[in-house]
Amino acid sequence: MNLKISALEYAEGVQNGSISAEDFVACTLEQIEKVDEKIHAFLSVYEGAVDKARDIDKRIKSGETVGACCGMPISVKDNICITGEKTTCGSRMLEDYVSPYDATVISRLRDEDAVFVGKTNMDEFAMGLTTEFSAFGPSYNPWDTSLTPGGSSGGSAASVSAFECSASLGSDTGGSVRNPASFCSVVGYKPTYGLISRYGLVSYANSIEQIGPLSRTVKDTAFLLDVIAGSDPLDNTTVDSTGGYLSGIESGIEGKKIGLVSEMTGEGIDSAVASATSSAVSKLEGLGATCEEVSLDMVKYSVASYYTITATEAGSNLARYDNLRYGYDFGVEGYEFNSYIERARSKFGAEVTRRMILGGFVPSAGHAGRYFLKALKVKSKLSREMGHAFEKFDLLLSPTVPVLPFGIGDKIDDPVSLFLVDINTVTANLTGRPAVSVPFAVSGGRPIGMQLMADSMRDAELLQAAFALEQTVRLPEVPI
Ligand code: GLN
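Attention here is on the structure that accompanies the text. (Residues numbered from 1 in each chain as written. Predicted model: local features only at pLDDT ≥ 70, side-chain atom pairs only at ≥ 80, totals over all residues. Heavy atoms only, no water.)

### What to know about the site of the ligand
Phase 1: The full set close to the ligand counts 15 residues, and Gly174, Ser176, Tyr204, Tyr306 and Arg355 are the nearest of them.
Phase 2: Tyrosine 204 has a polar side-chain atom sitting 2.5 Å from an oxygen atom of the ligand.
Phase 3: The separation between an oxygen atom of the ligand and a polar side-chain atom of tyrosine 306 is 2.7 Å.
Phase 4: Compared with its free state, where it exposes 300 Å², the ligand has 100% of that area covered by protein.
Phase 5: The cavity that encloses the ligand is the largest cavity.
Phase 6: When grouped by side-chain class, the residues that make up the shell around the ligand number 6 nonpolar, 6 polar and 3 charged. (Near = heavy atom within 4 Å. Polar contact = N/O pair within 3.5 Å; in protein donor to acceptor, adjacent residues only side chain to side chain. Areas by Shrake-Rupley, 256 points an atom, 1.4 Å probe, with all protein chains shown as cover. 1 Å grid on protein atoms, 1.4 Å probe; cavity = no way out; pocket = protein on both sides within 12 Å on 5 of 7 lines; lining within 4 Å. Sits in = over half its atoms within 2 Å of the grid points. Nonpolar A, V, L, I, M, F, W, Y, C, P; charged D, E, K, R; others polar.)

### Observations concerning empty space enclosed by the protein
Phase 1: Enumeration over the complete set of coordinates arrives at 1 cavity of 30 Å³ or more.
Phase 2: In this structure, the largest cavity spans a volume of roughly 80 Å³.
Phase 3: Looking at side-chain class alone, the lining of the largest cavity contains 6 nonpolar, 7 polar and 2 charged residues. (Points joined across faces, edges and corners; volume = space filled by probe spheres on them.)

### Considering the packing of aromatic side chains
Phase 1: Per the counting criterion, the structure on display carries 14 aromatic pairs.
Phase 2: On the numbers, 4.9 Å between centres and 50° between planes, the contact of phenylalanine 125 with tyrosine 321 is tilted. Of this pair, phenylalanine 125 sits in the loop between β3 (115–120) and α5 (154–161) while tyrosine 321 sits in the loop between α9 (299–317) and α10 (337–345), and the two are 196 residues apart along the sequence.
Phase 3: The interplanar angle of 80° and the centroid separation of 6.2 Å between the aromatic rings of tyrosine 321 and phenylalanine 348 together place this pair among those described as edge-to-face. (Phe/Tyr/Trp six-rings, centres within 6.5 Å; stacked < 30°, edge-to-face > 60°. Helix = DSSP H or I, 4+ residues; strand = E, 2+ residues; numbered from the N terminus.)

### Remarks on the layout of surface pockets
Phase 1: In this structure, the largest pocket encloses a volume near 760 Å³.
Phase 2: Those elements that place two or more of their residues in the lining of the largest pocket are α1 (7–15), α5, α7 (218–228) and β10 (435–443).
Phase 3: Of the residues in the lining of the largest pocket, the class split is 13 nonpolar, 6 polar and 8 charged.
Phase 4: The calculated volume of the second largest pocket comes to roughly 370 Å³.
Phase 5: Lining the second largest pocket are 16 residues, and of these Glu267, Gly268, Pro402, Leu420 and Ile423 sit closest to its centre.
Phase 6: Its residues assigned to classes, the lining of the second largest pocket shows 7 nonpolar, 5 polar and 4 charged.

What follows is the structure, encoded as structure tokens:
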């Protein structure tokens, strides 16, 4: 069984009878069994997935029409709820938490007969970009297991790259889908804010985060977006989907104007990443687009603004882990309020604790003007700058991450240097714009992804450009 085919090829194969869903899902589980000891993409694996796939084969044989996903094996980041399954968020705090309901993205995929194969590893509560902050140990990059797969949806990206599923769902607050997609050489998509329901996603910084697909091809991402996007009465920040992501994908980019963001391609950028970016520019021009530099002045403050805003939201969103509403149950004897809360919070790891402390401080009376309100001003100025850029350009280009995938342990002791790796991804979140990472190059065995951004609700156009760029590259296969 060839597990390397795309999700769409899988669906076609099942529909025309050349692939049995049961065999494919069984092989997928065998692949997990075989490689996940080294990769550690999964926190839980669903053996029952094979029974579900068998049922799909039966329904097809009896002439029933099945949903568009036809038993497609999908992995899910462990901060997205699936009924009756654990949702740990990579945290000891939720180690035994079982979700009583499905996230909207899960029910939409289920309605189209997707099969879930398990939950993937992540930085605790999605705070981080290497999966090293997972309470259950890091994931490893399938390209080279001494490297981080990126994060926080590192398990999701690694699982797609190592053929442990056909596609995955992650969440992207400041780059957590795109960064690991870039490091593992898969496609990662952060939609326009509101395009995908967040109902059933455990909140970290809910005013800017989105669920997004990770897949092996841009077409697979468009296909998944067609299934999961669109308004949801259970999340009142959602918007109607324009649809047609897959059907229009081959429209090309002839005549499109592309802005190369100077602040995302200058200082601190690795030379291999810089030369990949120049090559992306020539390839896009070769497809009939024009490229020109554009400056977004506020980008230089974006990381500071991002971490101030997200810590503040995290401080309030994570207040519910107080052992009363969510927690791990210990007796109340012998505690007064402070010692009780201290004990309740003791299961958070170092990074989450840092963010909670920061999140209590930056919006507090006497400090809010200096930190939180300033961060909000940067956010709105950045959004205005993006608005102006999109009056002139159809799309913006940058590398997804300014550096090559680095080694596990290399940056763990220096959170600020880690935060700076987010410089190219946080802008799309702070401004609500859609962004995609497309696998573009491999330098010395280390993948490089290119990021394209578009104006809000231009997701279809963005995917067309991503598809066009993808067609220009031939990459080596992951050495797994
Ligand atoms: N690295 C960023 C953070 O730690 C992004 C994480 C994310 O997108 N969830 O907040």
